[in-house]
Structure formats: C-alpha cells, structure tokens
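Structural overview for review
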Amino acid sequence: AQSVTQLDSHVSVSEGTPVLLRCNYSSSYSPSLFWYVQHPNKGLQLLLKYTSAATLVKGINGFEAEFKKSETSFHLTKPSAHMSDAAEYFCVVSDGNTDKLIFGTGTRLQVFP
Amino acid sequence: DTAVSQTPKYLVTQMGNDKSIKCEQNLGHDTMYWYKQDSKKFLKIMFSYNNKELIINETVPNRFSPKSPDKAHLNLHINSLELGDSAVYFCASSQGTGTNEQFFGPGTRLTVL
C-alpha cells in the first residue's frame, strides 16, 4: 500500500531563510506525488506534483521538490521564506490502483520576522 | 468566481440531528470528492463520484450518504449526527482522477454538541 510520512509536524524559520519540509514515501511502484498547502481556515491548494517526468519539480510561489527514488523522498524546499508562506503543508501520494489521494499528517510552517 | 463552493461554512448542531452540506463546482470537472479533516488536521477521503457515479466509498458509516444530482454538484447528507462527526469537511473536484489536480472548496466546519 502507498503511504507518505512527513517527518516534522512543525517547522519554524525566519523570514528570508531557506525552507525544508521533509517527506518520505512508500510505494510498490513509481508513485505520483504532490505537495498541497492549506492556509488558515482555507481549502487546500496544489503547490506542485511529480508524475515520473523530471525529478526536480517547480511549483508555485517559488517552491520546488526533488523526487529521489534511492532515498524514497520528496522534500519540499524554498530558498527564501516569506511571511505569507506560513501555513500547513501536506505531502500526498496517489494510489495507482484506486486513484485515491493519500495524505501525510501535515507540517505546520511558521515564519518569524 | 468561486471554483468550488460549499455551504454552509459553519454548522453547529445537536447530536441525533440530520444535516446536509452542499457542494458545487463551476470548473466543468467530471469527478468530485468529499474529505474529512479531523482536529489533528489529518485529511482522509470519504467518497468520490465520477459523472454522477460512485467511484470511491471508504469505510464510512452508512449514516453518511452522498448524492450527486449532476456533475457539478455533490452533496453530503449525514443522519443521526454523533460527537465524533465534528470535523471540517472539504469538497473537491478534478478532471478525471489519479494524478490530476484536485481543487478544494473552503471547507465546512461541523460541530456536534
């Protein structure tokens, strides 16, 4: 069965410093992976997705993620955090058999001035 | 122009009552979903419909009954509400399934007293 593990429940950074949100996946075949963001009291928005094309995926708002099969990782990064990046981030894998999205437990990103 | 809309945004009700949440999407998508997000932010799919047909039905109590009158609408009716039903319910839509981006509504916060 497919699953994702988000290694940090909370990450705090200062504005202007790099962001790293970690995600490891488990899949019996080549997975489709996503990062979604949820701002307070809002719905979820897709940041980026990997579907077996380029391993380095660029998303919206300056975020990117790299698919590393050898490490079964799909970490989300951003070179310089902005206050507006403060939100909950979800790593997600698509179950190829059922087309369900399986969500990680989320990482809350705090950005300090 | 709201892509995926839900009503109501907040719903407070007593145990044992029956309530409905409505969802509409104006994106022309053929697939719609209901998700439940618990107090720890964990997000799990409940149902999905493709062209008004039920595709995914997770192990959800049969007190929950989705209804899709047409491709643009997927409503969720809940009978005999219980305390454990308190959560935020998100509707989403996509064109097709699997790796296609899902667009989420703003959520309905249900509180059962």
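The structure this text deals with has already been given above.
The sections below set out a description of the structure shown in this document. Worth saying up front: this structure is predicted, and the values here are computed from it rather than measured.

Topic: the overall build of chain A
Scanning chain A from terminus to terminus reveals zero helices and twelve strands. Moving toward the C terminus, one meets the helices and strands of chain A in the order β-β-β-β-β-β-β-β-β-β-β-β. Against the compact-globule benchmark of 13 Å for 113 residues, chain A has a radius of gyration of 13 Å, which places it among compact chains. Put simply, 56% of the contacts in chain A that link residues at least 6 apart link residues at least 24 apart.

Thoughts on the overall build of chain B
Scanning chain B for helices and strands turns up zero helices and eleven strands. Across chain B, helices and strands are ordered from the amino to the carboxyl terminus as β-β-β-β-β-β-β-β-β-β-β. Over its C-alpha trace chain B gives a radius of gyration of 13 Å, about what one expects of a compact globule, namely 13 Å for 113 residues. The principal-axis extent of the C-alpha atoms belonging to chain B is close to 35 × 30 × 25 Å. By residue count, 44% of the 113 residues in chain B fall in the buried class. Put simply, 54% of the contacts in chain B that link residues at least 6 apart link residues at least 24 apart. With the model as given, the accessible surface of chain B reaches about 5,500 Å², and the carbon-plus-sulfur share is 50%.

A short note on the interface of chain A and chain B
Contacts between the two partners involve 22 residues from chain A, matched on the other side by 21 residues from chain B. When chain A packs against chain B, close to 1,700 Å² is buried across both sides, 54% of that on carbon and sulfur atoms. A salt bridge links B:E58 to A:K100, with the shortest nitrogen-to-oxygen separation between them at 3.0 Å. When contributions to the side of chain A that touches chain B are tallied by element, the ones reaching two or more residues are β5 (32-38), β6 (44-50), β10 (87-94) and β11 (101-103) of chain A. With four residues, β5(A) is the largest single contributor of residues to the side of chain A that touches chain B. In terms of residue class, the side of chain A that touches chain B is made up of seven nonpolar, nine polar and six charged.

Some remarks on the side chain of A:Q2
Turning to its location among the elements, A:Q2 is positioned in the segment before β1 (3-6). Looking at A:Q2, the relative accessible area reads 7%, which means it is buried.

Section: the pairing of strand β9 (residues 73-78) of chain A
All names here are of chain A. Note that strand β3 (residues 19-21) and β9 share three bridges and pair antiparallel. Bridging across to β9, L20 finds its partner in T77. Of the strand pairs in this sheet, strand β8 (residues 64-68) and β9 are connected by five bridges, and their pairing is antiparallel. Across the sheet, A65 pairs through a bridge with L76, a residue of β9. Where β8 hands over to β9, the hairpin turn is made up of four residues, of which T72 adopts a positive phi near 45°.

Thoughts on the pairing of strand β12 (residues 107-112) of chain A
Residues and elements named next belong to chain A. Of the two faces of β12, only one is covered, namely that formed by T107, L109 and V111; the face formed by R108, Q110 and F112 stays uncovered. Bridge count between strand β2 (residues 10-14) and β12: five bridges; the pairing is parallel. Bridge pairing links S14 to F112 in β12. Relative to β12, β10 is paired through three bridges, and the arrangement is antiparallel. In the sheet register, Y89 faces β12, and the bridge partner there is T107.

A few points about the nonpolar core
The biggest cluster of nonpolar side chains holds 26 residues, and the ones touching the most others in it are A:W35, A:L48, A:L76 and A:Y89. In terms of residue count, β10(A) provides more of this core than any other element does, four residues in total. Aside from chain neighbours lying at most four places away, what touches A:Y89 is A:Q6, A:L21, A:W35, A:Y36, A:V37, A:L47, A:F63, A:L76, A:G106, A:T107 and A:L109. By size, the runner-up hydrophobic cluster in this structure holds 19 residues, among which are B:V4, B:L11, B:Y89 and B:C91.

A closer look at the environment of A:R22
All names here are of chain A. For R22, the location among the structural elements is in the loop between β3 and β4 (23-26). Separated by 25 residues in the primary sequence, R22 and L47 have C-alpha atoms spaced 15 Å apart. Ignoring sequence-local partners within four residues, the contact set of R22 consists of T5, Q6, L7, D8, W35 and H75. Polar contacts involving the side chain of R22 include one to the side chain of D8, which spans 2.9 Å.

Conventions used here
- Residues numbered from 1 in each chain as written.
- Chains lettered and ligands numbered in written order.
- Predicted model: local features only at pLDDT ≥ 70, side-chain atom pairs only at ≥ 80, totals over all residues.
- Heavy atoms only, no water.
- Helix = DSSP H or I, 4+ residues; strand = E, 2+ residues; numbered from the N terminus.
- Rg over C-alpha atoms; globule rule 2.2 N^0.38 Å.
- Contact = heavy atoms within 4.5 Å.
- Buried < 20%, exposed > 50% of the residue type's maximum accessible area, 1.4 Å probe, protein only.
- Areas by Shrake-Rupley, 256 points an atom, 1.4 Å probe, with all protein chains shown as cover.
- Buried area = accessible area lost by both parts, 1.4 Å probe.
- Salt bridge = Lys/Arg side-chain N within 4 Å of Asp/Glu carboxyl O.
- Nonpolar A, V, L, I, M, F, W, Y, C, P; charged D, E, K, R; others polar.
- Pairing = 2+ DSSP bridges.
- Core = buried A, V, L, I, M, F, W, Y, C linked by side-chain atoms within 4.5 Å.
- Polar contact = N/O pair within 3.5 Å; in protein donor to acceptor, adjacent residues only side chain to side chain.

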